[in-house]
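Spelled out from the first residue to the last, the chains are:
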Amino acid sequence: MKQTRRTFLSKSSLGIIGSSLLGVPTACALDTMTTENKESDFTPTVISTWANHKANNAAWKIIEQGGTALDAVEAGAKVPEADVQDRSVGYGGRPDREGLVTLDACIMDEEGNAGSVCFLQGIKHPISVARLVMEKTPHVILAGKGAQQFALENGFEVENLLTEKSLQEWEEWKKTSKYKPVINIERHDTIGMLALDQKGNLSGACTTSGLAYKMHGRVGDSPIIGAGMFVDNEVGAAAATGMGELVLKSLGSFLVVEFMRQGMSPTDACKAAVMRIVNKQKDYKEFQVGYIAINKKGEYGGYAIQSGFQYVINQDKDSVEQKAVSFL
Ligand code: SD4
């Protein structure tokens, strides 16, 4: 679905004659006579981290029907949040080392508005709470009990998000782990999603239960605007997955967007942000970080420290899987 937007303002000689006949002063007539011929092509797109096909397709449906990028990314992010099979997001997500599922999410729209929740417990759709933080409060981030209180005030209910399977795995983990948070213990599934709608507007969302068996109270990159996700409607948008601490320390998604502002392609911008980590972090081989990005044209790409990072993309009906390029 390729859109062509044309702004074609040209003043014909008839226009000039018309102006002078109407008595418009010459200087003014000349001012409005500038010929402007702006053309921009863009392809409506939805992209998200990992093999999140169902989520991407749900978001795409909204874009296809002419809905906003913001509605699309919220609807998309809600899919893994409610999916018990997704072990890194929402319901069914792995708990922290105390056995508690704690959630991080953020959302950002084309006007640069942003909302976020972190260390939120018992609420199935943190992305929708983040959107309400953005739309109903003068703040950007609500955390912990305060975030939960705000959710309850807005009609959400507290639910048990720890499934029997996650509980049993955690019990096993406790037997051998010596209570040490272990990095990269899980398969990552965190969803970062970016959308470009038919009007050419960008929005983004990111939602996760964070690293498995993390310390209680730990907050990752995913709810932090500029780290886990960032949107600048003039330039593009980016999202991160993987070892949140590395993304936080380099403000990765913001960095990717700034690299695109300097003229880099989405893939090159993601690579430059990965290389920033690689060049500063001696033990980078221990970790995975992956970025996805999209620009205003709907060009997209991804890059990761380790191989194995993939993302899904919709520019037509069904989502397609792409392997991200990687450093190692
Ligand atoms: C975090 N970045 O909490 C998240 C984890 C993640 O796929 O992306 N998992 O650090």
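One can find the structure itself at the top, above this paragraph.
Keep in mind that this is a model prediction, so the values were computed, not measured.

Caption draft 1: Highlighting the layout of surface pockets. Looking at the largest pocket, its volume works out to about 210 Å³. In this structure, the largest pocket is lined by 13 residues; those nearest its centre are Ala51, Asn52, Asp83, Asp86 and Asp189. Listed by contribution, the elements that provide at least two residues to the lining of the largest pocket are helix H3 (53-64) and helix H4 (69-82). If one sorts the elements of the lining of the largest pocket by residue count, H3 sits on top with 3 residues. Of the residues belonging to the lining of the largest pocket, the class tally is 5 nonpolar, 3 polar and 5 charged.

Caption draft 2: Here's a closer look at the sheet that holds strand E8 (residues 202-208). Read from one edge of the open sheet, 8 strands run E6-E5-E4-E8-E7-E3-E13-E14, paired in mixed fashion. The open sheet is flanked by strand E6 (141-143) and strand E14 (320-323), the only strands paired with a single partner. The mean inter-strand angle of the sheet, taken between neighbouring strand axes irrespective of direction, is 15 degrees. Of the strand pairs in this sheet, strand E3 (residues 45-49) and strand E13 (residues 310-314) are connected by 4 bridges, and their pairing is antiparallel. Note on E13: the bridge partner recorded for Ser48 is Val312. Packing against the sheet, H3 makes contact with E3, strand E7 (191-196), E13 and E14, and its axis sits at approximately 160 degrees to E3. The sheet strands contacting H4 are strand E4 (103-108), E7 and E8, and the helix crosses E7 at an angle near 155 degrees.

Caption draft 3: Geometry of the side chain of Arg94. Position of Arg94 relative to the elements: it lies in the loop between H4 and E4. A relative accessible area of 15% places Arg94 in the buried class. A distance of 3.3 Å separates the side chain of Arg94 from the side chain of Glu169, its partner in a polar contact.

Caption draft 4: Broad picture of unusual backbone geometry. Positive phi outside glycine occurs at Trp50, with the angle close to 60 degrees. The backbone of Tyr213 shows a phi angle near 60 degrees, a positive value even though the residue is not glycine. Tracing the chain through its elements places Tyr213 in the loop between E8 and strand E9 (229-232).

Caption draft 5: Representation of the sheet that holds strand E11 (residues 289-295). Read from one edge to the other, the open sheet built from 5 strands follows the order E9-E10-E11-E12-E15, with strand pairing classed as mixed. Lying at the two open borders of the sheet, with one neighbouring strand each, are E9 and strand E15 (325-326). With 4 bridges joining them, E9 and strand E10 (residues 236-242) adopt antiparallel strand pairing. Directly across from Val231, in E10, lies its bridge partner Ala237. In the packing of helix H9 (residues 252-261) onto the sheet, contacts are made with E9, E10 and E11, and the angle to E10 comes to roughly 145 degrees.

Caption draft 6: Here's a closer look at the environment of Gly112. Within the secondary structure, Gly112 sits in the loop between E4 and strand E5 (114-120). Spatially, the C-alpha atom of Gly112 lies 6.9 Å from that of Val231, the residues being 119 residues apart in sequence.

Caption draft 7: How the structure looks around the pairing of E8. Within E8, 7 of the 7 residues are buried, leaving the element largely enclosed by the surrounding structure. Going residue by residue along E8, you find Leu202, Gly204, Cys206 and Thr208 tucked away on one face and Ser203, Ala205 and Thr207 tucked away on the opposite face as well. The pairing of E4 with E8 spans 5 bridges and is classified as antiparallel. The partner of Met108 across the bridge, within E8, is Gly204. Two strands pair when backbone bridges link them, and E7 and E8 are joined in this way by 6 bridges, in the antiparallel orientation. Bridge assignment links Met193 to a residue of E8, and that residue is Ala205. The antiparallel pairing of E7 with E8 creates a hairpin that spans 5 residues between the two strands, and Gly200 there sits at a positive phi of about 85 degrees.

Caption draft 8: Structural context of the nonpolar core. One finds Leu194, Met229, Val256, Val289 and Tyr291 to be the most contacted residues of the largest nonpolar core, which totals 50 residues. With 8 residues, the single largest contributor to this core is helix H10 (residues 266-280). Once residues within four sequence positions are removed from consideration, Met229 is found in contact with Cys106, Ile107, Met108, Leu194, Gly204, Ala205, Cys206, Ile224, Ala238, Ala239 and Ser253. Ranked by size, the runner-up nonpolar core spans 29 residues in total, among them Ala59, Ala130, Leu132 and Met193.

Caption draft 9: Broad picture of the environment of Ser253. Its location among the elements puts Ser253 in helix H9. The exposure class of Ser253 is buried, given its relative accessible area of 0%. A sequence separation of 20 residues divides Ser253 from Ala273, and the C-alpha atoms of the two residues are 8.1 Å apart. One polar contact links the side chain of Ser253 to the main-chain amide nitrogen of Met229, over a distance of 3.4 Å.

Basis of the calculations
- All residue numbers refer to position in the chain's written sequence, counted from 1.
- In view of the model being predicted, local features appear only for residues whose pLDDT reaches at least 70, and side-chain atom pairs are presented and counted only at 80 or more, with totals across whole chains, interfaces and linings using the full set of residues.
- Note that the side-chain values use all heavy atoms of the structure and ignore hydrogens as well as water.
- Cavity means a closed set of points on a 1 Å grid over the protein atoms alone, one where a 1.4 Å probe fits but cannot get out, pocket means an open set with protein on both sides within 12 Å along at least 5 of 7 lines, and lining means a residue has an atom within 4 Å of a point.
- Grid points are joined across faces, edges and corners, and a volume is the space filled by probe spheres set on the points.
- What counts as a helix is a DSSP run of H or I of at least four residues, what counts as a strand is a run of E of at least two, and both are numbered from the N terminus.
- In this classification, Asp, Glu, Lys and Arg are treated as charged, Ala, Val, Leu, Ile, Met, Phe, Trp, Tyr, Cys and Pro as nonpolar, and every other residue, Gly included, as polar.
- At least two DSSP bridges between two strands are required for those strands to pair.
- Structural elements are reduced to axes, namely lines fitted to C-alpha atoms, with helices fitted over the stretch in contact, and the angle between N-to-C directions of any two is expressed from 0 to 180 degrees.
- The contact criterion used is simple: two residues touch if any of their non-hydrogen atoms lie within 4.5 Å.
- Residue exposure (1.4 Å probe, protein chains only): buried if accessible area is under 20% of the type maximum, exposed if over 50%, otherwise partly exposed.
- Here a polar contact is taken to be a pair of N or O atoms separated by no more than 3.5 Å, where protein atoms must pair a possible hydrogen donor with a possible acceptor and residues adjacent in sequence count only if both atoms sit in side chains.
- Nonpolar core, defined: a set of buried Ala, Val, Leu, Ile, Met, Phe, Trp, Tyr and Cys residues in which side-chain atoms within 4.5 Å join the residues together.

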